[in-house]
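Residue-level structural notes
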Protein chains: 2
Amino acid sequence: MKKVNIKALAKELNLSPATVSKALRDSHEISAATKQRVLEVAKQLNYAPNAYASSLRDRRSRNIAVIIPEVADSFFSIAINGIEAAIEEKDYHVLIYLTHELYAREQAILKDFKSGRVDGVLISVSRETTDGSHISELIAEDVPVVFFDRVLENVEAPKVVTDDFNSGYTGAMHLLDNGCRHIAFLGISNSLSISNNRMAGYQQALKDHHLTVSPDDMITCTPDTAANFTAIKQLLAKENRPDGIVASVENLTNTVYQVCNELQLSIPQDIKVVCFSNLDIAAILHPPLTTITQPAFQIGKAAAELLLKSLGKKDAPSPATQIVIPSELIIRGSSKRS
Amino acid sequence: MKKVNIKALAKELNLSPATVSKALRDSHEISAATKQRVLEVAKQLNYAPNAYASSLRDRRSRNIAVIIPEVADSFFSIAINGIEAAIEEKDYHVLIYLTHELYAREQAILKDFKSGRVDGVLISVSRETTDGSHISELIAEDVPVVFFDRVLENVEAPKVVTDDFNSGYTGAMHLLDNGCRHIAFLGISNSLSISNNRMAGYQQALKDHHLTVSPDDMITCTPDTAANFTAIKQLLAKENRPDGIVASVENLTNTVYQVCNELQLSIPQDIKVVCFSNLDIAAILHPPLTTITQPAFQIGKAAAELLLKSLGKKDAPSPATQIVIPSELIIRGSSKRS
DNA sequence: TTTATTTACGAAACCGGTTTCGTGAAGAAG
DNA sequence: CTTCTTCACGAAACCGGTTTCGTAAATAAA
């Protein structure tokens, strides 16, 4: 089968490409009879308009990009569903891009978007990202950007986040209430807002309990699982080891449990654990994991809705817009009072 | 900042767009001095070529599509990494599309690809997909397609799969060897090759042990978790309930464990469980889950490599190409002999 | 010195739709 | 019967790069 374009279609119909185009777009200038003829033959010939030609002419692609660090994290996979739910039927395509937590890749992806490849961007930045100039540049080129979850505070764009400070506070407070007196915090970055805010909440909880915050108890984890294992093991093997852990991302769960296993520390007797996580199987872990569950779907949806508004150009949200959707502490066995 | 296109750039340089274009593409017809000038001014003006214009002219987009049912499944999220690893540096973009297990959506996505939006497609079909005409039509339009994991046998296109029959056989055999005599199978579709092949392997294992295969013990699960819960609960609440379960996809793990929990059946004493899964946290479940782990990364990578070859048009793989990469049984607590 | 070749660049066509503008014909208004 | 609209459609420009082809100038070969 050959490529049947609008010209071929027009020839078949003995009409001009202009007329065919208008008929397909249901223009009022075309008679009902002609429209029907065109539609019929188009279907019969299996005509599919070239998306790039339209994009070129319209100067818009009807594509929006979702940039996330990784897809193997239930927060992001659920957030994507929220995004798609908002975009649904809006005649936009959702393109998913993964940075694999690499700043260089994030830069490269955004750079490519300056060319008009997408009409808007939803982004959750990588762990490595500290500088937001690549994002600001994109915004300067009139490509609307909306942050979700992992935001850069100093870039002027709408943001949708959860209440990271409160969540960190609540998580640590929960452990304190259950008897912990020496709590460690596992972050994923020194620059990332979510990590810092969650840590700040954790610190505040300690302070409110008149406990000192020790830098040794705050570890910054990396995407390297083996390295995290070593670091956490070192932390928990210390003489004066923590009796509680607040882990700031889902992917640390496995490592924490493995280390405890290896060190023969039993959860929650020896050490209690709270983890930011959206995994539904948290409930069937050994022991079931107490989680701070983020409203992933709602965050994705809200962010997409903001972006759609920005695209509408009608009532574009202010760059200062910040939507905060609270997380929920779900108490399970891993933090049970002994 | 305005959109700076090649014309504006040419004007700034006092050159023609043709010359600028050639300079940017490092054509031999352009002098080194001019090339450098162009490059400098292009960078200075922040010039980014319009991807759609190039695609239109070249009649290729340098995009490839990955179509999967869901991203919240570690098989697929890992497979994506494999795909990206193969595509890396090949100057192609990877676009991820989700069908959410809906045939209608799969059709809609593929239909859109007839327009030349992507140069090739990697697909793992939805549960609902039985008819492959939407895929055949795409192939007929000269868009190369490669199946991975969830393939349609009767569509002529290269395929990359794991040894589903053997895996089902091995999983069931493992349970039988550990004392099970009444094993149930949880599938996800009556038409999907992976589900059927895994089930066939399971059946063969039973036959080899001279056990009868009962239709009542083979459940077809849906994307509806609640419904699955009910069905599995019904199965396990029967008087003559199974003493072993082979679950054909990762997402069933949670439900199976939850049902056992609710029915107070302990794993593995009362019932042993094997599940197809790539979850690394299988090891920290309660009890640790025996899995059949698919080579997700390798499958993704191999599929992408086949597609790249198809795009090359040089040594395109035969449509009959079928690569089989074996899965691995990882024995853990959930199937331990009592 | 003449001819052949190479070099470096520009004009214009092209990819495939969309849209503006113009026009002939039919129908309505005067 | 004339004038004004409305209707239905086509020619051509356009979106932004890329490529073919042509050409003037510079250089090399004869």
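Below is a summary of the structure that appears in this document. Residue positions are given per chain, counted from 1 along the sequence in the order it is written. Chain A is the first chain written and ligand 1 is the first ligand written, with later ones labelled in order. At least 70 in pLDDT is required for a residue's local features to be given in this predicted model, at least 80 for side-chain atom pairs to be given and counted, and no such filter applies to totals for whole chains, interfaces and linings, which use all residues.

1. A closer look at the overall build of chain A
This is how it is decided: In this description a helix means any DSSP run of H or I spanning at least four residues, a strand means any run of E spanning at least two, and both kinds are numbered starting from the N terminus. Based on C-alpha atoms, the radius of gyration is set beside the globule rule, defined as 2.2 Å times the residue count to the power 0.38. Put simply, a residue is buried when 20 or more other C-beta atoms lie within 10 Å of its own C-beta and exposed when 12 or fewer do; between those, it is partly exposed, and each C-beta is set from the backbone. What counts as a contact here is a pair of residues whose C-beta atoms, placed from the backbone, lie within 7 Å.
From N to C terminus, chain A includes twelve helices and twelve strands. Relative to the 2.2 N^0.38 estimate, which gives 20 Å for 338 residues, the radius of gyration of chain A is 25 Å and therefore markedly larger than a compact globule would have. For the C-alpha atoms alone, the extent of chain A along its principal axes is close to 85 × 40 × 30 Å. Counting the 338 residues in chain A, one finds 50% classified as buried. For chain A, the share of sequence-separated contacts (at least 6 apart) that also reach a separation of at least 24 residues comes to 73%.

2. Focus on the relation of the copies chain B and chain A
Short version of the rule: Only residues with pLDDT of at least 70 in both copies count here: their C-alpha atoms drive the least-squares fit that superposes the copies.
Each copy of the sequence occupies a distinct position, and chain B is placed on chain A by a rotation of 180 degrees and an axial shift of 0.0 Å, giving an RMSD of 0.0 Å. On the angle and the small slide along the axis, the relation comes out as a two-fold axis. By residue overlap, the copies meet face to face through one surface: 100% of the interface positions of chain B are interface positions in chain A.

3. Thoughts on the protein's contact with DNA strand C
Heads up, the condition is: Using a C-beta atom placed from the backbone, a residue is scored as near a molecule or strand whenever that atom is within 6 Å of it. Gly falls in the polar group here, along with every residue not listed as nonpolar (Ala, Val, Leu, Ile, Met, Phe, Trp, Tyr, Cys, Pro) or charged (Asp, Glu, Lys, Arg).
Residues in contact with DNA strand C amount to 27 residues; listed here are only the nearest, Ile6, Ala18 and Ala53 of chain A together with Ala18 and Thr19 of chain B. Of all elements in the fold, only α2 (17–24) and α4 (51–58) of chain A together with α2 (17–24) and α4 (51–58) of chain B reach the threshold of two or more residues within the surface near DNA strand C. In the surface near DNA strand C, the residues fall into eleven nonpolar, eight polar and eight charged.

4. A closer look at the sheet that holds strand β2 (residues 93–98) of chain B
Residues and elements named next belong to chain B. The cut-off we apply is this: At least two DSSP bridges between two strands are required for those strands to pair. Working convention: axes come from line fits to C-alpha atoms, limited for helices to the stretch in contact. Angles between N-to-C directions cover 0 to 180 degrees.
Here six strands make up an open sheet; going across it, the order is β2-β1-β3-β4-β5-β11 and the pairing parallel. The two strands at the open ends of the sheet, each matched to only one other strand, are β2 and β11 (322–324). Geometrically, the sheet is characterised by an average inter-axis angle of 15 degrees between neighbouring strands, direction not taken into account. Where strand β1 (residues 63–68) lies against β2, six bridges are found, and the strand directions are parallel. Looking across to β2, one finds that Ile64 is bridged to Val94.

5. Considering the protein's contact with DNA strand D
Neighbouring residues of DNA strand D: 27 residues in total, closest Ala18 and Thr19 of chain A together with Ile6, Ala18 and Ala53 of chain B. Broken down by secondary-structure element, the contributors of at least two residues to the surface near DNA strand D are α2 and α4 of chain A together with α2 and α4 of chain B. Along the lines of polarity and charge, the residues of the surface near DNA strand D split into eleven nonpolar, eight polar and eight charged.

6. Observations concerning the interface of chain B and chain A
At the junction of the two partners, chain B supplies 36 residues and chain A supplies 36 residues. The set of elements that each furnish at least two residues to the side of chain B that touches chain A consists of α4, α5 (74–87), β2 and α11 (252–262) of chain B. Its residues assigned to classes, the side of chain B that touches chain A shows 20 nonpolar, eleven polar and five charged.

7. Focus: the sheet that holds strand β2 (residues 93–98) of chain A
Residue and element names in this part refer to chain A. If you trace the six strands from one edge of the open sheet to the other, you get β2-β1-β3-β4-β5-β11, paired in parallel fashion. Edge strands, defined here as strands with exactly one partner in the open sheet, are β2 and β11 (322–324). Strand after strand, the sheet turns through a mean of 15 degrees between neighbouring axes, direction not considered.

8. So, the packing of helix α1 (residues 6–13) of chain B against α2 of chain B
Residues and elements named next belong to chain B. Applied cut-off: Oblique is the label for every angle not falling under 35 degrees (roughly parallel), over 145 degrees (roughly antiparallel), or within 65 to 115 degrees (roughly perpendicular).
Between α1 and α2, whose axes approach to 8 Å, the crossing angle comes to 100 degrees. Relative to α2, the element α1 lies roughly perpendicular. Across the interface between the two elements, Ile6, Lys7, Leu9, Ala10 and Leu13 of α1 pack against Pro17, Val20 and Ser21 of α2. Class assignment of the residues belonging to the contact of α1 with α2 gives a composition of six nonpolar, one polar and one charged.

9. Some details on the pairing of strand β4 (residues 145–148) of chain A
Residue and element names in this part refer to chain A. Heads up, the rule is: Viewed with both strands pointing away, a crossover whose connecting path from the first strand over the helix to the second turns clockwise is right-handed.
Burial along β4 is two-sided: Val145 and Phe147 facing one way and Val146 and Phe148 facing the other are all buried. Bridge analysis of strand β3 (residues 120–123) against β4 gives three bridges, and the strand direction is parallel. Among the inter-strand pairings, Leu122 is bridged to a residue of β4, identified as Val146. Handedness of the β3-helix α7 (residues 133–140)-β4 crossover: right-handed.

10. Structural notes on helix α11 (residues 252–262) of chain A
Residues and elements named next belong to chain A. Taken across its eleven residues, α11 has eight buried, putting it largely inside the fold. Every buried residue belonging to α11 is among Leu252, Thr253, Asn254, Thr255, Val256, Tyr257, Val259 and Cys260, and all of these are buried. In this structure, the buried side of α11 is in contact with β6 (183–187), α10 (225–237), β8 (244–247) and β9 (272–276). Of the residues one or two after α11, Gln264 is the one with positive phi, at around 60 degrees.

11. A few points about the packing of helix α6 (residues 103–113) of chain A against α7 of chain A
Residues and elements named next belong to chain A. Following both chains from N to C, one finds α6 and α7 inclined at 10 degrees, their axes separated by 10 Å at the closest point. One finds that α6 runs roughly parallel with respect to α7. Touching Glu106, Gln107, Leu110, Lys111 and Phe113 of α6 are His134, Ile135 and Leu138, all from α7. The residue makeup of the contact of α6 with α7, split by class, is four nonpolar, two polar and two charged.

12. Brief notes about helix α3 (residues 32–45) of chain B
Within an α-helix, residues lying three or four positions from one another point in the same direction, as the helix has 3.6 residues per turn. Going by this rule: One fewer than the residue count of a helix, multiplied by 1.5 Å, yields its expected span.
For α3 of chain B, built from 14 residues, the straight-helix expectation of 20 Å at 1.5 Å per residue is met to within 8% by its first-to-last C-alpha distance of 20 Å. Asn46 of chain B lies just past α3 of chain B and shows a positive phi near 65 degrees.

13. Structural notes on unusual backbone geometry
All names here are of chain B. In this chain, Ile267 is followed by Pro268 through a cis amide linkage whose omega measures 5 degrees. Position of Pro268 among the secondary structure elements: in the loop between α11 and β9 (272–276). Cis peptide bonds are those with omega within 30 degrees of zero, and the linkage from His286 to Pro287 qualifies with -5 degrees. Even without glycine at this site, Asp26 takes up a positive phi of about 60 degrees. When you line up the elements, Asp26 lands in the loop between α2 and α3.

14. Some thoughts on the environment of Ala48 of chain A
Its location among the elements puts Ala48 of chain A in the loop between α3 (32–45) and α4. With 39 residues separating them along the chain, Ala48 of chain A and Leu9 of chain A place their C-alpha atoms 10 Å apart. What Ala48 of chain A contacts, discounting residues up to four positions off in sequence, is Lys114 and Ser115 of chain B.

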